[in-house]
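# Architecture at a glance
Now for the letters of each chain:
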Amino acid sequence: MSVPPKPPPKPPPKPSPYAAFAIPAYRDYLAGTTLVSIGTAGQGLAIGFELYQRTGSAMSLAWVGLLQALPMLLLTLPAGVLADRIDRRLIMLFGLGGATLTSIGLGLLSYFEGPIGWMYFILFMDAVFLRTAWPARTALLPMIVPRETFENAVKWRSSSGQLSALLGPALGGFVLAWSVPATYFIAAGSSLLFIVLLLRLRVDTKPPPSTTPKGMAGVFGDLVEGLSFVWRRKILLGTISLDFFAVLLGGTVYLLPIFAEDILGVGEIGLGLLWSAPAAGALCTALTLAYLPPMRRAGVTMLVCIVGFGLATVAFGLSTNFWLSLAMLFLTGVFDNVSVVVRHTLIQLATPDAMRGRVSAVSAVFIGSSNELGGFESGAVAALFTPVISVVSGGVGTIVVVAIWAELFPDIRKLRGLADEHSA
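For clarity, every value in this text was computed on a predicted model and none was experimentally measured. (Residues numbered from 1 in each chain as written. Predicted model: local features only at pLDDT ≥ 70, side-chain atom pairs only at ≥ 80, totals over all residues. Heavy atoms only, no water.)

## Quick look at the overall build of the protein chain
Regarding its fold elements, the protein chain presents 15 helices and zero strands. Going through the 424 residues of the protein chain one by one, you find that 58% of them count as buried. Within the protein chain, contacts between residues separated by at least 24 positions form 87% of all contacts whose residues are at least 6 apart in sequence. Accessible area for the protein chain stands at about 18,100 Å²; split by element, carbon and sulfur atoms hold 72% of it. (Helix = DSSP H or I, 4+ residues; strand = E, 2+ residues; numbered from the N terminus. Buried < 20%, exposed > 50% of the residue type's maximum accessible area, 1.4 Å probe, protein only. Contact = heavy atoms within 4.5 Å. Areas by Shrake-Rupley, 256 points an atom, 1.4 Å probe, with all protein chains shown as cover.)

Shown next, in the form of structure tokens:
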């Protein structure tokens, strides 16, 4: 008598694209980061617009980038050590409280047309508070979301970030046309709301006990340990440094007030739309990724998308048509968001929890400073030559960097599934 064959095993259930939203702490965290991102994007639009209107100089935009880059370079690594030693929620509350006060200060200076030097100083202090809290904010997410849901959480976090980056400048453009100081006060209100949501979290936000000594010797040891970890994991080093140079060379955001005013002639509302276009593209990509299964050729996909980012940047620099410029900025966001998801997911999943603050800080130094230093580089090149030369040369440089990095770090090309510990 023959035995009937066993039925084939049922395939595992398809993971829900909304899995992360089942976690209440994640919903509060996501709402808070989204609110702050909207406020910060609107404030960034306002400060660039106001300073260029008052000075008429491309170098005024370059100084904005430099003053925001200095706290990133000087404070982020020590802040990463703090995030691995102190309650991460307390660090975030300190940073958000300080950012609330600096936004209020900028609003008052704008309303009373205070000295530009004081605006630069408060902008610097705003960056100090935000950069102090950055590693703690990044390292907090894995404490809220389990590993199996983390890639899904990152995709939705990226989607919300891009949505806020889209809404912030778009709404900010309309607010600017009505009242410049109001954009700063709205940013202050968003920080306050995030503080309220953080206080609601029912999650233990204290990092694991540190095994390194206390005092300055211990801090230095922690810094060296974090840097050494990134240096040894070449896939992390290559991914982080690639994103650094791509953003440093290919950034156009800091020059948008010049393009809106002098090249495209579209005013405050047009500036807001231009500033929002990359976020709109990134949002479309992020929402698409959230519904797709985990990436299987993440490294190659990232390299191709960064080349696309460089090409779109070149096309934007050469365009004199508002709608074409808007479309090219949209494409930069489409391509850039893939790199954001790959880098952020890889860093968090490839790093032990006890070191996530420091490794997040190393990443933040590279990525965060590339935005601000890219602003300084773009403004300086625009002042020495022209805004068009600044943008086009940066886009070409981005493509060259991708070609070099693909050879220097072959593990990037080999990177497949992000959740696989052995994929790197």
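Next comes the rest of the description.
## Let's talk about the nonpolar core
If you look at the biggest cluster of nonpolar residues, it comprises 37 residues, and the most contacted ones within it are I47, V64, Y184, L256, L271, L274 and F316. At six residues, helix α1 (residues 24–55) tops the list of elements feeding residues into this core. Setting aside residues no more than four positions away along its own chain, L274 makes contact with L256, A260, L264, V266, F322, S325, L326 and L329. Ranked by size, the runner-up nonpolar core spans 28 residues in total, among them I23, W156, I195 and L197. (Core = buried A, V, L, I, M, F, W, Y, C linked by side-chain atoms within 4.5 Å.)

## Thoughts on helix α14 (residues 387–408)
Here α14 is 22 residues long and its end C-alpha atoms lie 31 Å apart, about the 32 Å a rise of 1.5 Å per residue gives. Within the span of α14, buried status applies to P387, S390, V391, V392, G394, G395, G397, T398, V401, V402, W405 and A406. (Expected span 1.5 Å × (residues − 1).)

## Considerations on a nonpolar patch on the surface
Taken together, L101, I104, L108, Y111, F112 and F185 make up a surface patch of nonpolar side chains, about 670 Å² in accessible area. The element contributing the most residues to the nonpolar patch is helix α3 (residues 88–111), with four residues. Secondary-structure assignment places F112 in the loop between α3 and α4 (116–144). (Patch = residues over 30% accessible without salt bridge, like charges linked within 9 Å, V, L, I, M, F, W, Y side chains within 5 Å. Salt bridge = Lys/Arg side-chain N within 4 Å of Asp/Glu carboxyl O.)

## Considerations on the packing of helix α11 (residues 298–318) against α14
It is the contact of α11 with α14, at a shortest axis distance of 7 Å, that shows an interaxial angle of 165°. The angle between α11 and α14 places the two elements in the roughly antiparallel class. α14 is crossed by α11, and the crossing has left-handed handedness. From α11, L303, I306, V307, F309, G310, L311, T313, V314, F316, G317 and L318 reach across to α14, where they touch V388, V391, V392, G395, V396, T398, I399, V402 and A406. Considered class by class, the residues forming the contact of α11 with α14 number 15 nonpolar, five polar and no charged. (Axes fitted to C-alpha atoms, helices over the stretch in contact; angles between N-to-C directions. Parallel < 35°, antiparallel > 145°, perpendicular 65-115°, else oblique. Left-handed = near helix turned anticlockwise from the far one by under 90°. Nonpolar A, V, L, I, M, F, W, Y, C, P; charged D, E, K, R; others polar.)

Any functional reading would require information beyond the geometric quantities listed.
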